[in-house]
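Structural overview for review
Here are the chains, one letter per residue:
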Amino acid sequence: MNGKLSRDESGASTELGYIFTFLLGVLFLSMFSVWAFGLETSTRENWNTTAVDVNMADLAAGVERADLASREDSSIRYAEVVEWRLTEADESLFVLTLDDEGLHLDHPENKLDRDVSISATGAGTYDGRMTLSGITKIWIVHDNGVTYLAAKRPDF
């Protein structure tokens, strides 16, 4: 074996091509992961806002039914449960309030705040403030001339 060292550089361009192809693949995969993350985030945010809107509409409809019952008889007792659909947001930060102007949902993430008007035509007043931490059922109660929100079923 007579070995002679030669300066063959013909394989260098092939190696550089492999490196650039690898880097191009990394770039495409990075761009795809950023796109997929953005898509997932917007889908989650859309679900949150839709779930909050539907929840508030269900609660407002329940308050309207309690108002209707209170107009039938001044001594009536009425209770209805509304299921709260869970969201990706931190439920312990939601504060739900009922007053003469409507239902108000407050959350530190302001895009989840909601105000829903009610007719306020019931025979009585409105009261109620609750934090939605761990709550999946909200009771709408009319008793003794007051329509209010409760986390537990009333005793009547």
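Cut-offs used in this document
Residues numbered from 1 in each chain as written. Predicted model: local features only at pLDDT ≥ 70, side-chain atom pairs only at ≥ 80, totals over all residues. Heavy atoms only, no water. Helix = DSSP H or I, 4+ residues; strand = E, 2+ residues; numbered from the N terminus. Buried < 20%, exposed > 50% of the residue type's maximum accessible area, 1.4 Å probe, protein only. Core = buried A, V, L, I, M, F, W, Y, C linked by side-chain atoms within 4.5 Å. Contact = heavy atoms within 4.5 Å. Patch = residues over 30% accessible without salt bridge, like charges linked within 9 Å, V, L, I, M, F, W, Y side chains within 5 Å. Areas by Shrake-Rupley, 256 points an atom, 1.4 Å probe, with all protein chains shown as cover. Salt bridge = Lys/Arg side-chain N within 4 Å of Asp/Glu carboxyl O. Lys, Arg positive; Asp, Glu negative; His and termini not counted. Charge placed at Lys NZ, Arg CZ, Asp CG, Glu CD.

Below, the discussion takes up unusual backbone geometry. Even without being glycine, Asn-144 reaches a positive phi, approximately 55 degrees. Note on placement: Asn-144 falls in the loop between β7 (137-143) and β8 (146-150). Relative accessible area serves as the criterion here: at 70%, Asn-144 is assigned to the exposed category.

A few words on the nonpolar core. Ranked by size, the top nonpolar core spans 25 residues in total, and within it Leu-59, Leu-96, Leu-103, Leu-105, Leu-132, Ile-138 and Leu-149 carry the most contacts. Residue assignment for this core shows that the elements contributing at least two residues are α1 (12-72), β1 (78-83), β2 (95-99), β3 (102-106) and β7. Examining the composition of this core, we find that 7 residues originate from one element, α1, more than from any other. If we skip the residues at most four places from it in the chain, Leu-96 touches Met-56, Leu-59, Leu-103, His-104, Leu-105, Gly-128, Arg-129, Met-130, Leu-132, Ile-138 and Leu-149.

A grouping of Asp-100, Glu-101, Asp-106 and Asp-115 is seen on the molecular surface, where their side chains present a negatively charged patch. For Asp-115, the position within the fold is in strand β4 (residues 114-117).

Here we take up the pattern of salt bridges. Applying the stated criterion to the full structure yields 8 salt bridges. Among the ionic pairs, Glu-80 bridges to Arg-65, the shortest N-O distance being 2.5 Å. Here the residue Glu-80 occupies a position in strand β1, and Arg-65 occupies one in helix α1, the gap between them amounting to 15 residues. For Glu-80, a relative accessible area of 14% translates into the label buried. Close ionic contact of Lys-137 with Glu-83 constitutes a salt bridge, the shortest N to O distance being 2.6 Å. Residue Lys-137 is located in strand β7, and its partner Glu-83 is located in strand β1; the two are separated by 54 residues in the primary sequence. Looking at Lys-137, the relative accessible area reads 40%, which means it is partly exposed. Overlapping salt bridges, with partners in common, bring together Glu-45, Glu-109 and Lys-111 in one network.

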